[in-house]
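Coordinates in review
Spelled out, the chains give:
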Amino acid sequence: MNNSRASLGAMACVVVFSSGVAAREAKFFTSFEPEEDPPFAAGNLDGQNGWEVTAGAAVIQDTVSYQGLQAARFDPTGTTQAEWNSAGFKPSAQNVDFFVQVGDPNLALPAASPRLDISGAIVELDVINGLEVFDGGAGAEGAWVSTSQPLLSNQWHRVTLRIDFAGASWDVLVDGVEVRTGLGLAAGSPAAFRFLRVAPNSRVVYLDALALYEKDPASDTDGDGLPDVDEENLVGTDPENPDTDGDRGEDRQEVVAGTDPVDPESVFDVVVRAAQGVVRVEFLTAPGRLYTVEYTDALAPPAWGPVADPAFVDRAGTGALVVYEETPGVPTRQYRVKVVQQ
Ligand SMILES: [Ca+2]
Ligand SMILES: [Ca+2]
Ligand SMILES: [Ca+2]
Ligand SMILES: [Ca+2]
């Protein structure tokens, strides 16, 4: 009987990485962790590792994080603005990636306060207008424009800024999709990264896994489906090797399957056994994934489809071993398991 390796389905949403930070080529990367050098300490973000909180309150906390143990939390006590000035790098182009989550929608909203004077590529999180961005090329003083991009509460969103300082323009992507392009940089904008504001009518906002880099955000040198910058900054895998740990599970496949891409002992595998006409298909599941057992009786070309038992179609992973059994009644049948990350 055939022993098929697993195939992996499309990723359904933002990948959530559990731990492991390896900043290699990023100009700046932080996950606001205590083990970073220099370390971030719980409490007020202002003054830590070059961060400046120019209005409102931002703290390092450990209750909600995208990666690792800690993240920065912006409290809705009025307009909050924080920035990390990258002026020392003086790049001609720069990309910025970060993850944000809007918190509890039931919090009371504080009264509005005037907007601050700003320049540069700035995004604002606003509970009413969603993600707003500053178009420094609009008129003499620039203008705030809405991206019409809602930010769902209690869910991490990835925001990417592509900034072309030489061309004085920048683009905004949310979860990998362009939401505004061709925004201007105001005259006098610093050739540096200025950071985000949380609107006075917003909720608590969490910020984590911030990277500044010059490489194209979409560049995938080894073709394993994970962009170079994600391999370098988030996953800790080799951007020039599609299977970093050599266990035959490609790096992105391991991320989707919930196995460890830097541990050769951890890889998604499907074991198929047959005895007396009964087939057993076994695989270990991970939480946050959906599993479908598929089969084909044809080989050239194969005609994959789900098995008839609905308990093995989009079955939620729990961390437990799953065993599918059937009596196929045909001389040859191939099996595989499709994994989709929720
Ligand atoms: Ca790659
Ligand atoms: Ca790789
Ligand atoms: Ca691997
Ligand atoms: Ca592995």
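Rules of the game
Residues numbered from 1 in each chain as written. Chains lettered and ligands numbered in written order. Predicted model: local features only at pLDDT ≥ 70, side-chain atom pairs only at ≥ 80, totals over all residues. Pairing = 2+ DSSP bridges. Helix = DSSP H or I, 4+ residues; strand = E, 2+ residues; numbered from the N terminus. Axes fitted to C-alpha atoms, helices over the stretch in contact; angles between N-to-C directions. Core = buried A, V, L, I, M, F, W, Y, C linked by C-beta atoms within 7 Å. Buried ≥ 20, exposed ≤ 12 C-beta atoms within 10 Å, placed from the backbone. Domains from an automatic or database assignment. pLDDT = per-residue confidence, 0-100. Contact = placed C-beta atoms within 7 Å.

A word on the sheet that holds strand 17 (residues 270-275)
In a beta sheet, neighbouring strands are held together by backbone hydrogen bonds and run either parallel or antiparallel to one another. Read from one edge to the other, the open sheet built from three strands follows the order 17-18-22, with strand pairing classed as antiparallel. Either end of the sheet is taken by a strand with one partner, and the two such strands are strand 17 and strand 22 (321-326). Each neighbouring strand pair of the sheet contributes to a mean axis angle of 20°, computed without reference to strand direction. Note that strand 18 (residues 278-284) and strand 22 share six bridges and pair antiparallel.

Concerning the nonpolar core
Counting 61 residues, the largest nonpolar core has Ala72, Phe98, Val100, Leu207, Ala209, Ala211 and Val281 as its most contacted members. Take this core: its biggest share by element is eight residues, from strand 16 (residues 205-213). Residue-level mapping places this core at the junction of two domains, with at least three residues from each of domain 1 (1-16 + 238-342) and domain 2 (28-213).

Details of helix 1 (residues 228-235)
The buried count for helix 1 comes to eight of eight residues, which makes it a mostly enclosed element. Residues of helix 1 that are buried: Asp228, Val229, Asp230, Glu231, Glu232, Asn233, Leu234 and Val235. In the segment just after helix 1, glycine 236 is the residue with positive phi, at about 85°.

A look at the pairing of strand 14 (residues 177-184)
Looking at chain direction, strand 13 (residues 169-174) and strand 14 are connected through five bridges and run antiparallel. Bridge pairing links valine 174 to valine 177 in strand 14. The loop that links strand 13 with its antiparallel partner strand 14 comprises two residues; one of these, aspartate 175, has a positive phi angle of about 50°.

Concerning the confidence of the model for the protein chain
The pLDDT averaged across the protein chain works out to 80; a share of 76% of its residues lies at or above 70. Note that residues 1-24 has pLDDT below 50 and, in this model, 55 contacts with residues that lie over four places away or in other chains. Confidence drops under a pLDDT of 50 for residues 105-119, and excluding neighbours within four residues, the segment shows 25 contacts in the predicted structure.

Thoughts on unusual backbone geometry
Residues aspartate 37 and proline 38 are joined by a peptide bond in cis, for which omega reads 0°. As for its placement among the helices and strands, proline 38 is situated in the loop between strand 2 (28-30) and strand 3 (43-44). At the junction of alanine 300 and proline 301, the peptide bond is cis and its omega measures out at -5° in the coordinates. Non-glycine residue asparagine 49 carries a positive phi angle of around 50°. On the secondary structure map, asparagine 49 appears in the loop between strand 3 and strand 4 (51-55). Located in the positive-phi region is aspartate 314, a residue other than glycine, with phi close to 50°. Within the element layout of this structure, aspartate 314 appears in the loop between strand 20 (305-306) and strand 21 (315-316).

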